Amino acid sequence: MQMGMHTDTERCVRAVQSKDARFDGWFFTAVLTTGIYCRPSCPVVPPKPQNMVFHPSAAACQQAGFRACKRCRPDTSPGSPEWNQRADLVARAMRLIADGVVDRDGVPGLAARLGYSTRQIERQLLAELGAGPLALARAQRAQTARLLVETTELPMADIAFAAGFASIRTFNDTVREVFALTPSELRTRTAGKSPAGTAPGTPGTPGTTGTPTGAPGALSLRLPFRAPLNPDNLFGHLAATAVPGVEEWRDGAYRRTLRLPYGHGIAALTPKPDHIACRLTLSDLRDLPVAISRCRRLLDLDADPVAIDDQLRTDPALAPLVDKAPGRRVPRTVDEAEFAVRAVLGQQVSTAAARTHAARLVTAHGETVDDPEGGLTHLFPSPDALAAVDPESLAMPRTRRTTFTTLVGELASGKLHLGVESDWTEARARLLALPGFGPWTVDVIAMRALGDPDAFLPTDLGIRRAAAELGLPGTPAALTARAAAWRPWRAYAVQYLWATDSHPINFLPV
């Protein structure tokens, strides 16, 4: 079991007394004298140290009988960076819970996805997070309910259903217990304190902003992140590699279609100085927490840029790059299988050619969607749909056809898993065993689909050019040896090295 920051009482007290927003989401402060729990950066006068106890999760605070602070809204903190930098059982379980698996399939379904017994899952989560999977999922449902109450005009019964509650009574009881307000009081309080149609948020911290619209299932909100965040390579990469029909850059926003458990959706993501503006249009509101989770993962919003950049600055070659544009994120994906397919389509061809190959597949085999606000037309084809494609119809070399058909066959059969629950080491081994999969393709998938923060691409042409320009070792083996000092953040070093080039992926579209 890994010991979380909440066990270091002295460090937590210092963070609370300095109102350090960098630690929001790392731990939560429960105040014994008031019965509330807060984020470290709560704007109120800090309590006395003897009145503070620290918990690793909002669910643990709720389990201990504390309710959420109405000022700092700790339930809207950025997620803990722990879950995206680790590949152990607890981290994989937390990623699945965020993806809504417990709400859809229960704890047995969570355990089955992870390959462990329910008892093992519950014991490890309780030991590290102070709450079991049901309590963690309940905390997420409460957060989703609050978001819908404050940012939409939906009837409370519809909100209870969309947030994943089994009954109206459970919804009412949970909201009252977690927030010390009834759902109606939450809505009234929001309407009384904010301009029409917006929910309150602490300035500079992650609140939510809702804009009711006439479009069914449409919702606007703020996605918080830890500063700094450099949007250039993040949105530049997504826009430059966008597959027509599935993705686009429009009016300062990256937009794309989403395949979700209960239906489909469209996300529009716009970088702002202190948050990401997110507009979601969903065919089924039950998909809201999953859509938010996947958008956060796509933009790597739960990263800890201060820790990452501090480590990379220790190398004199990287320090100027980090100082020039700190806070680079790794552009990831909302669909791991989709990204693996696109990585194969992009082997040994230009970005434009890869987009063309993908667009042909989308037009021929993707499911159509309606996008009245833009030019999106399709969902990216599922592995099942791609497995039925005639290989002879693919305009690519025969060896790459074999790579493509083998990959989609493995994905469609379930023999290869690339979801948020994946064991990174096992997934890498399975990918390397497929024909046509070399280290570059596997590490690109590990970096952007699996989310491994230490994935590295020493043979990549852009990395080799950057290495030559910066005086870094020229051979892959020597560069890998030099990069050992960058661990466990080599995927972020890749972003800084790529950014030395003038390729469109490195620039925010205009």
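What counts and what doesn't
Residues numbered from 1 in each chain as written. Predicted model: local features only at pLDDT ≥ 70, side-chain atom pairs only at ≥ 80, totals over all residues. Heavy atoms only, no water. Helix = DSSP H or I, 4+ residues; strand = E, 2+ residues; numbered from the N terminus. Contact = heavy atoms within 4.5 Å. Buried < 20%, exposed > 50% of the residue type's maximum accessible area, 1.4 Å probe, protein only. Pairing = 2+ DSSP bridges. Disulfide = S-S within 2.5 Å. Core = buried A, V, L, I, M, F, W, Y, C linked by side-chain atoms within 4.5 Å. pLDDT = per-residue confidence, 0-100. Axes fitted to C-alpha atoms, helices over the stretch in contact; angles between N-to-C directions. Salt bridge = Lys/Arg side-chain N within 4 Å of Asp/Glu carboxyl O.

Visitor: Sorry, what's going on with the environment of Ala395 here?
Guide: One can find Ala395 in the loop between helix H17 (383-387) and helix H18 (398-413). For the pair Ala395 and Val90, spaced 305 residues apart in the sequence, the C-alpha separation amounts to 43 Å. Filtering out sequence-adjacent residues up to four positions away, Ala395 remains in contact with His357 and Arg360.

Visitor: Would you take a moment to explain the pairing of strand E8 (residues 264-271) for this structure?
Guide: With seven of eight residues buried, E8 is to be regarded as a mostly interior element. Hairpin geometry of strand E7 (residues 253-259) and E8 is characterised by an intervening segment of four residues between the two adjacent antiparallel strands. Bridge analysis of E8 against strand E9 (residues 276-282) gives seven bridges, and the strand direction is antiparallel. Its bridge partner being in E9, Ile266 is matched across the sheet by Thr281.

Visitor: Please explain the state of the cysteines as it appears in this structure.
Guide: Working definition: the covalent bond between the sulfur atoms of two cysteines is a disulfide. Summed over the entire model, instances satisfying the criterion amount to zero disulfides. Left without a disulfide partner, Cys69 is nearest to the cysteine sulfur of Cys72, which lies 3.8 Å away.

Visitor: It is not clear to me how the nonpolar core should be interpreted in this structure. Could you clarify?
Guide: Core analysis: the largest hydrophobic core is formed by 61 residues, its most contacted members being Leu312, Val341, Phe404, Leu407, Leu431 and Trp486. When neighbours within four sequence positions are excluded, Val341 is seen to be in contact with Phe380, Leu386, Phe404, Leu407, Val408 and Leu411. Phe179, Leu238, Leu285 and Cys295 belong to the second largest nonpolar core, which has 50 residues in total.

Visitor: Which parts of the structure should I look at to understand the confidence of the model for the protein?
Guide: If pLDDT is low for a region, its predicted coordinates should not be looked at in detail. Looking at the protein as a whole, its pLDDT mean stands at 90, while 94% of the residues score no less than 70. Segment residues 194-214 is flagged for pLDDT under 50; beyond a separation of four residues in sequence, or across chains, it makes 48 contacts in the model.

Visitor: I'm lost on the sheet that holds strand E2 (residues 36-38) in this one. Help?
Guide: The strands that make up a sheet are held in pairs by hydrogen bonds between backbone atoms, and each pair lies either parallel or antiparallel. What the four strands build is an open sheet, ordered E3-E1-E2-E4; its pairing is mixed. Pairing within the sheet leaves two strands with one partner each, and these edge strands are strand E3 (52-55) and strand E4 (67-68). Against the sheet, helix H1 (residues 9-17) contacts strand E1 (28-31) and E3, and its axis sits at roughly 105 degrees relative to E3.

Visitor: Explain the pattern of salt bridges here, please?
Guide: Pairing between side chains becomes possible if they bear opposite charge and their charged atoms approach one another. This structure, assessed with the given rule, holds 37 salt bridges. The shortest N-O distance in the salt bridge between Asp99 and Arg294 comes to 3.0 Å. Note that Asp99 is positioned in the loop between helix H4 (89-98) and helix H5 (101-114) and Arg294 in helix H12 (residues 288-298), a separation of 195 residues in sequence. Each member of the pair, Asp99 as well as Arg294, carries the same accessibility label: buried.

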